[in-house]
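Each chain, letter by letter, is given below.
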Amino acid sequence: MIRKILMVVCILTAYLHPGCQRQMNQAGNPDSFVEANIDGLLAKMTLEEKVGQMSQVNKNGEDGPADIENEVRSGNIGSFLNIADVDLRNKLQKIAVEESRLGIPLIFGYDVIHGHRTIFPVPLGEAAGWDLDLVEKTASVAAREARAVGIDWTFSPMIDIARDPRWGRIVEGAGEDAYLGSLISSAKVRGYQGCDLSAPDTMAACLKHFAVYGASQAGREYHTTEVPLRTIRDVYLPLFKAGVEEGAATLMSGFNDLNGVPVSGNKFLLTDILRNEWGFEGFVVSDWRSVKQLIPHGIAEDETQAAILGATAGVDMEMVSRTYINNLPRLVREGRISQDVLDTAVRRILRVKFRLGLFENPYVDPDVQKSVILAPENRKLARKAVCESMVLLKNENNLLPLNASLQSIALIGPLADNQKDLLGTWSYSGRSEDVVTVLKGLQDALGDTCKINYAKGCEIDGILTEGFSEAIEAANKSDLVIMAVGEGIMHNGEAHSRTNLNLPGNQLQLLKEVEKTDKPIVLILFSGRPLTINWELENIPSILLAWHPGVEGGNGIADVLSGRYNPAGKLTVTFPRNVGQIPIYYNMKNTGRPFKGDDGDTSRYIDSPNTPLLPFGYGLSYTTFAYHNLLIENQKVKIPGAVKITVDITNTGDAAGHEVAQLYIRDIAGSVTRPVKELKGFKRIYLKSGETKTVTFNLQTSELKFYDINMEYNVEPGDFKVWVGPNSVEGLEGTFELL
Ligand code: GLC
């Protein structure tokens, strides 16, 4: 009976809430019925059962108990991760619900990072589309597929700002900018959670890794992060705040030591900011053993102290390591930790379980997946995502799109007929056999009108050159060469930082050999991060960045190569010329001696320009766009108020296409130094050849806030510059003044 009433309440709540029920933290408006039920359960739970809810075990039980089923039956496990098997899920759930003393359902978590079986482009690639609607849609498909196989909760979106491409996990996020990243964070949460977490095609989101993990020193994985509080608040936290305000159900605390306090034991982050400032009502799960790792970090002498630190800081659920289950019941009995700490954590966890509908519907119908997994409409969306993710880096003499009169093409490189590496990192539930290769995509697109001479040429990594001759032969007998080179799946992602950002192995050597044939070359670059492609940009006429595109890679790439889709992707990370420039990002500070092109004592290098190889926001099209007629309606703006900025954009080329018009500002002088540019808006528009559209930005003064000299979040009067353009270094310039 309780379950039925609960279901009605949840449905009503979802219906009554303005917009969506997804607002997990609608302060002052928790589902009172749910809270009453949580109170009732808490009153019955033993200490062991409470800590059981705070414990997550990996599928194969490492660190965990030998007899998993008995541990579930005893109420000592509240969650599993890495189970994407609906039968196993239902089996374990049945034990929890029907054989444990209180029948509390398990919650099943999994890394659904860029799709479940329909693998979309890696997140850094998807972000390059600047298409928030698409970001939401791909997350929604991921949720539909994942929930169908019994996954209630994804450890996504990863929203770590990254300014250092040596860091392998830059691929998992949305890039270097907080404004765009915050919008993507919210879109992902909407897509995953929809309007009703209890629906069979939504799942709980998890904002990770809270926080500042992307600032790992020297880009070295799991390294120390030392970041001033103002930068933490202005740059790294907004994406998490946006996700919390969108109603994210959970967060994940990270591995990193932040200014001396590892984030999985950091009360300032996990309680003072997340709970007391932001009012977050969901729960925080640790990262993999990150509570136990407080010991090697050197702020916990043993597992007892690690458990106390993690639990009292605000980590509600411990992933994999067992310091909670092994110590917290005893510590409460010894009076060394308050039972309130446990009750608070368990309440948060049960709240998410209730809102996921796990009490009313703990099981998943195994037949649902048959109509959901890799459904044609999912693949169609994936193909669109590939097209939108691709960034045209160079296109000399309009070599692209491919000329329909081509009789033969040499397709060369280790990523040309490759399924596994196109999936990209964090695609565990993806399968290589689902991937359309570049070779297959081209064959399907060009049919028998154009002969394709394929040669692998070399491995992704390695020094062997025995494949070079076959590649050169293929080039010599073809009208044009397409090179498919870049990083493989294991060149980025977690624990895959690099100190060298060139093409791996001897791929560049192969490219140089093929270039000697004087055939026109199109380079398709596969990567999960910015690469120092100086020689390539200098010597190859056309370069398309395809990231790691997922299951529809070959088809999407063929759509762009053939001109069926006009690329419009824009970089959301800066490409450095060399590793020595790192960290380099568009919104740096001006310094007291800004470089002005002279060779005086100014902020510069003696052996490299300051400018990046490719700037944030950069990306070309098969057509051209002209920006003209920038108008700033009110040059003097009261606070609070808004400044209206309009610009006309004309498609001055022959092909229709999308353009991402970007709005940047600069606060000329503040109570603290301010970045030389800040993205504050963008519009993705479509223009036919010759068409002109007027684009309007209504910039609110509240969007110009930052943490001032007193660490208060304020907007300050003064002069501002504004730019509207195709990237972060070009555009029409204007000014306005805040009064
Ligand atoms: C990993 C990652 C985290 C992931 C978790 C579970 O170590 O840091 O992003 O969600 O473990 O796989």
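Rules behind the numbers
Residues numbered from 1 in each chain as written. Predicted model: local features only at pLDDT ≥ 70, side-chain atom pairs only at ≥ 80, totals over all residues. Heavy atoms only, no water. Helix = DSSP H or I, 4+ residues; strand = E, 2+ residues; numbered from the N terminus. Rg over C-alpha atoms; globule rule 2.2 N^0.38 Å. Buried < 20%, exposed > 50% of the residue type's maximum accessible area, 1.4 Å probe, protein only. Contact = heavy atoms within 4.5 Å. Areas by Shrake-Rupley, 256 points an atom, 1.4 Å probe, with all protein chains shown as cover. Lys, Arg positive; Asp, Glu negative; His and termini not counted. Charge placed at Lys NZ, Arg CZ, Asp CG, Glu CD. 1 Å grid on protein atoms, 1.4 Å probe; cavity = no way out; pocket = protein on both sides within 12 Å on 5 of 7 lines; lining within 4 Å. Points joined across faces, edges and corners; volume = space filled by probe spheres on them. Nonpolar A, V, L, I, M, F, W, Y, C, P; charged D, E, K, R; others polar. Near = heavy atom within 4 Å. Polar contact = N/O pair within 3.5 Å; in protein donor to acceptor, adjacent residues only side chain to side chain. Core = buried A, V, L, I, M, F, W, Y, C linked by side-chain atoms within 4.5 Å. Domains from an automatic or database assignment. Pairing = 2+ DSSP bridges. Phe/Tyr/Trp six-rings, centres within 6.5 Å; stacked < 30°, edge-to-face > 60°. Lys NZ or Arg CZ within 6 Å of the ring centre and 35° of its normal. Axes fitted to C-alpha atoms, helices over the stretch in contact; angles between N-to-C directions.

Describe the overall build of the chain, naming the residues involved and giving the relevant values.
Within the chain, the secondary structure is distributed over 23 helices and 26 strands. A compact globule built from 739 residues should have a C-alpha radius of gyration of about 27 Å, and the chain, at 26 Å, falls within 12% of that. The C-alpha extent of the chain, read off along each of the three principal axes, is 75 × 60 × 50 Å. Out of the 739 residues in the chain, the part that is buried amounts to 63%. For the chain, the share of sequence-separated contacts (at least 6 apart) that also reach a separation of at least 24 residues comes to 78%. Taken as a whole, the chain presents about 26700 Å² of accessible surface, with 51% of it coming from carbon and sulfur. Between the mean site of the 75 positive side-chain charges and the mean site of the 92 negative ones, the chain shows a separation of 2 Å.

Mind laying out empty space enclosed by the protein, listing which residues take part and the relevant values?
Applying the stated rule across the entire model yields three cavities of 30 Å³ or more. Roughly 90 Å³ of volume is contained in the largest cavity. Along the wall of the largest cavity there are 14 residues; nearest its centre are Pro123, Met158, Glu172, Ile184 and Lys188. Contributions of two or more residues to the lining of the largest cavity are made by α6 (123-127) and α8 (178-193). Here the lining of the largest cavity is composed, by residue class, of nine nonpolar, two polar and three charged.

Give me the lowdown on the site of the ligand, citing residues and values where you can.
In the vicinity of the ligand there are 13 residues, among which Asp111, Arg169, Lys208, His209 and Asp287 approach most closely. Separating an oxygen atom of the ligand from a side-chain N or O atom of Arg169 is a distance of 2.8 Å. At 3.0 Å from an oxygen atom of the ligand is found a side-chain nitrogen or oxygen belonging to Glu494. In isolation the ligand offers 310 Å² of accessible surface; the protein chains occlude 94% of this area.

Go over helix α23 (residues 553-562), please, and point to the residues and values.
Among the 10 residues in α23, nine count as buried, and that is most of the element. Residues of α23 that are buried: Gly553, Gly554, Asn555, Gly556, Ile557, Ala558, Asp559, Val560 and Leu561. The inward-facing, buried residues of α23 contact α17 (376-389), α18 (420-423), α19 (438-446), β14 (480-486), β15 (521-526) and β16 (542-545). Remark: Gly563 follows α23 within two positions and exhibits a positive phi of approximately 90°.

Give me the lowdown on the nonpolar core, citing residues and values where you can.
The biggest cluster of nonpolar side chains holds 89 residues, and the ones touching the most others in it are Trp153, Phe210, Leu251, Tyr324 and Leu328. Residue contributions to this core peak at seven residues, all from helix α15 (residues 339-355). Formed jointly, this core draws a minimum of three residues from each of two domains, domain 1 (1-44) and domain 2 (48-355). The residues touching Phe210, leaving out its near neighbours within four places in the chain, are Leu237, Phe240, Leu251, Met252, Ser253, Gly254, Val263, Leu269, Leu270, Leu274 and Trp278.

Help me get a handle on the pairing of strand β5 (residues 206-210), residues and values and all.
Most of β5 sits inside the fold, with five of its five residues counted as buried. Here three bridges tie β5 to strand β6 (residues 250-253), and the two strands are oriented parallel to one another. When the sheet's bridge partners are listed, Leu207 is paired in β6 with Leu251.

Account for the packing of aromatic side chains, with residues named and values stated.
Applying the stated criterion across every chain, the model contains 17 aromatic pairs. Seen in terms of ring centroids, Phe80 and Phe108 are 6.1 Å apart; in terms of plane orientation they differ by 15°. Their pairing is stacked. Here the residue Phe80 occupies a position in strand β2 (residues 79-81), and Phe108 occupies one in strand β3 (residues 107-110), the gap between them amounting to 28 residues. For the residue pair Phe80 and Phe108, the accessibility class agrees, reading buried in each case. An angle of 55° between the planes, with centres 5.8 Å apart, marks the rings of Trp130 and Phe616 as tilted. Taken as a pair, Trp130 in the loop between α6 and α7 (132-148) and Phe616 in the loop between α23 and β17 (625-632) lie far apart in primary sequence, 486 residues in all. Exposure remark for Trp130: the relative accessible area of 2% places this residue in the buried category. Taking the relative accessible area as the measure of exposure, Phe616 reaches 0% and is therefore buried. The structure contains a cluster of three or more aromatic residues connected by ring pairs, namely Trp130, Tyr179, Tyr586, Phe616, Tyr664 and Phe682. For the cation-ring pair, Arg163 lies above Tyr585, with the distance from its terminal atom to the ring centre recorded as 3.7 Å.

How would you sum up the sheet that holds strand β4 (residues 153-154)? Please name residues and give values.
The strands that make up a sheet pair up through hydrogen bonds in the backbone, lying either parallel or antiparallel. Taken in spatial order, the five strands of this open sheet run β4-β3-β2-β1-β10, and their pairing is parallel. What marks the edges here is a single partner per strand, and that holds for β4 and β10 (318-319). Sheet analysis places β2 next to β3, joined by three bridges and oriented parallel. Following the sheet pairing, Leu81 is matched in β3 by Gly109.

Can you break down helix α10 (residues 238-245) residue by residue, with the values?
If you check which residues of α10 are buried, you get Leu239, Phe240, Ala242, Gly243 and Val244. Looking at the buried positions of α10, the neighbouring elements they touch are α8, β5, α9 (229-236), β6 and α11 (267-277).

Which residues make up the sheet that holds strand β13 (residues 451-455), and what are the values?
Strand order in the open sheet formed by six strands is β11-β16-β15-β14-β12-β13, and the pairing between neighbours is mixed. For this open sheet the edge positions go to β11 (391-395) and β13, each flanked by a neighbour on one side alone. Pairwise comparison of adjacent strand axes, ignoring direction, gives a mean angle of 15° for this sheet. Across four bridges, the pairing between β15 and β16 is parallel. Note on β16: the bridge partner recorded for Ile524 is Leu544. Sheet strands in contact with α23 are β14, β15 and β16, and its direction is about 145° off that of β15.

I'd love a proper account of the environment of Leu464, names of residues and values included.
With respect to the helices and strands, the residue Leu464 is situated in the loop between β13 and α20 (468-476). Between the alpha carbons of Leu464 and Gly505 there is a distance of 9.0 Å; along the sequence they are 41 residues apart. Discounting chain neighbours no more than four positions away, the residues touching Leu464 are Cys458 and Asn506.

I'd like to hear about the environment of Asp257, residue by residue, with values.
Along the chain, Asp257 turns up in strand β7 (residues 257-258). Take Asp257: its relative accessible area is 17%, and that puts it in the buried class. In the structure, Asp257 is positioned 18 residues away from Arg275 in sequence and 20 Å away in space, judged by C-alpha atoms. Asp257 has contacts with Thr224, Thr225, Pro262 and His297, leaving out every residue within four places of it along the chain. A polar side-chain atom of Asp257 sits 2.8 Å from the main-chain amide nitrogen of Gly260.

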